[in-house]
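For reference, the chains in residue letters:
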Amino acid sequence: MYCRPIRLFKIVLIALCLSFCFYEIYTFLFKSKRNFRKQTANFTGNFSLKSLKEFQEIIEILEPFTVHLPKFSDEEAKSWFYNSSYYKINSKKCPKDDCEKNGVLFNDPKEHLNVKLAFVKNGLYANDDCGYNYGDEAIKRIFENDNEASVIYDKAFIYTVPDGWAFQHFLDGIGPKLSHSFTYLNKIPDAKVLILRGARFDRSVKEIWEMLGVEESSRLVHYNGGTRVGAHFLINPCRTPGIHPRLWHNARKMYWSISNVTKTTDDQSKRKNFIYIQRTSTNAANGARLILNDDSFTDLLKKYCEKNSLNYIQYDHSKDSNHIRYRIELFYNARYIIGVHSGALSNMNFAQSGTTLIEIMPFRAATSSLPMTCSMFNPRDLKACAGYILYTQSQLLNQTYWILPTVVNNDGNMNINLTRVEKLLQQI
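These figures come from a predicted structure and were not determined experimentally. (Residues numbered from 1 in each chain as written. Predicted model: local features only at pLDDT ≥ 70, side-chain atom pairs only at ≥ 80, totals over all residues. Heavy atoms only, no water.)

### Some remarks on the packing of helix 9 (residues 203-211) against helix 12 (residues 324-332)
Put simply, the rule reads: Angles shown run from 0 to 180 degrees and are taken between the N-to-C directions of axes, each axis being a line fitted to C-alpha atoms and, for helices, limited to the stretch in contact. Each helix corresponds to a stretch of at least 4 residues labelled H or I by DSSP, and each strand to a stretch of at least 2 residues labelled E; elements are numbered beginning at the N terminus. Each angle is binned into one of four classes, with values under 35 degrees roughly parallel, values over 145 roughly antiparallel, values of 65 to 115 roughly perpendicular, and all other values oblique. In what follows, residue pairs with any heavy atoms lying within 4.5 Å of each other are defined as contacts. All amino acids are sorted into three groups, where Ala, Val, Leu, Ile, Met, Phe, Trp, Tyr, Cys and Pro are nonpolar, Asp, Glu, Lys and Arg are charged, and the leftover types, Gly among them, are polar.
Two elements in contact, helix 9 and helix 12, have axes whose closest approach is 9 Å; the angle formed by their N-to-C orientations is 95°. It follows from the interaxial angle that helix 9 and helix 12 lie roughly perpendicular. Here helix 9 contributes S204, E207, I208 and M211 to the contact with helix 12, which in turn contributes I324, R325, R327 and I328. Among the residues forming the contact of helix 9 with helix 12, the class breakdown is 4 nonpolar, 1 polar and 3 charged.

Below is the structure:
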């Protein structure tokens, strides 16, 4: 037996190369993991204007998530949803082509996963769209001379989400952005907060801002489109996904925290409130979508509650003069929520996970694959439709969502099929 020096040299060389490769891979993974944790921690860390460079952005990469299909009480509801524009658009995103089992996967980095919070020294806001498509150049825009801006603040936050002055669009537009940036509202208490000026300013939205320490008289700025606003310290959370479970859960915790909700049991079987969100001709801002046989419908709900030892609560937001904190606690204690598709149904954002939500989804016979609120679209044009937003929100919050599609008449109102409702109630 004898030794071959050349072969031995090759073996040693290969071993060294493999060791080097493994070391580099390990180092890369370790640093990536460490950097990710640092980015995540920075969302609640301290931040100083003195240490701010011209531009700095904190980035957190969230995990992909799935949205499960609604629950159906009958084949009519299931058939409607499977023919809906939502399903036609998103069914291709279901893992293993099994939507019933796996739900719809959302994993687009820009639209769903990448959460960004920008800090800009001498930043300039020029009526840019506040959303995940906010451009790289726009987010870094600065002013060098005072005459480049219509007004200059020392410090300012940007929350100029479309219709953010309205209750439902505050929750679905500003809420996700607040979920990871609201801690800075307290850390920078003298900063102005920009929201879009609207046709009105909902009292409930004003009260939530006040609980966050943002008084309308001193901090809130109703921004007029077209105005160029500068700030020596500009905080911009606009590049945030509109939907992600983490963001929506954190926003809900924020609402509970600032309203000092009295925490009760997490056991949903011990919660007894059955809330019917009533839509009437006097409380509906947009009209239509009224239940014509509302008396018979409410009688059915009351009988169900009596039979199952539940507290029946008929909620009309136009008659609610209490502070928003009382409404947050009311829906926190809900076990069941039912109502016609409307902004008032957005109160389910205050309800706990496991709460059952029943949405009566009105649609027109001529555009049967679309919710009534999206019937201005051509059903053959598969466009994103806001009519499904309450379904999405409920799933993000890990609630149990049932859909009851119901055709409307020429005036946009409906007679509820009580037999279908009774069948649904027997299954929840």
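More follows now that the structure is in view.
### What to know about the environment of K383
Condition: Only protein chains enter the area calculation, which uses a 1.4 Å probe; residues under 20% of their type maximum are buried, those over 50% are exposed, and those in between are partly exposed.
Within the fold, K383 resides in the loop between strand 12 (356-363) and helix 13 (389-396). Classification of K383 by relative accessible area gives partly exposed; the value is 44%. Separated by 295 residues in the primary sequence, K383 and K88 place their C-alpha atoms 9.9 Å from one another.

### Quick look at the pattern of salt bridges
To keep it simple, the criterion reads: Salt bridge criterion: a side-chain nitrogen from Lys or Arg within 4 Å of a carboxyl oxygen from Asp or Glu.
One pass over the full model with this rule turns up 14 salt bridges. Of the charged contacts in the structure, one is a salt bridge between R239 and E57, with a shortest N-O distance of 3.1 Å. One end of the pair, R239, is in the loop between strand 8 (229-236) and helix 10 (245-258); the other, E57, is in strand 1 (residues 55-61), with 182 residues separating them in the sequence. Taking the relative accessible area as the measure of exposure, R239 reaches 6% and is therefore buried. Ionic pairing is found between R246 and E63, a salt bridge with its closest N-O pair at 2.9 Å. Within this pair, whereas R246 is found in helix 10, its partner E63 is found in the loop between strand 1 and strand 2 (65-67), the two being separated by 183 residues in sequence. Residue class for E63 comes out partly exposed when judged on its relative accessible area of 38%. Put simply, E57, D136 and R239 are held in one network by salt bridges that share partners.

### Some words on the packing of aromatic side chains
Just so we agree on the cut-off: Stacked, edge-to-face and tilted are the three classes for Phe, Tyr and Trp ring pairs, Trp counted by its six-membered ring, which pair at centre distances within 6.5 Å; planes under 30 degrees apart are stacked, over 60 edge-to-face, the rest tilted. Over a ring means this: the NZ of a Lys or the CZ of an Arg is within 6 Å of the ring centre and within 35 degrees of the ring normal.
Going through the model one piece at a time under the given rule, you end up with 25 aromatic pairs. On the basis of an interplanar angle of 90° and a centroid distance of 5.5 Å, the ring pair of Y255 and F350 is categorised as edge-to-face. In this pair, Y255 is assigned in helix 10 and F350 in the loop between strand 11 (334-340) and strand 12, connecting sequence segments 95 residues apart. On the basis of relative accessible area, Y255 is assigned to the buried category, the value being 2%. By way of ring pairs, the aromatic residues F72, F81, Y82, Y86, Y87, Y388, Y391 and Y401 are connected into one cluster. In this structure, K187 packs its charged tip against the face of Y184, placed 5.3 Å from the ring centre. Directly above the ring of F167 sits R327, whose terminal nitrogen or CZ lies 4.9 Å from the centroid.

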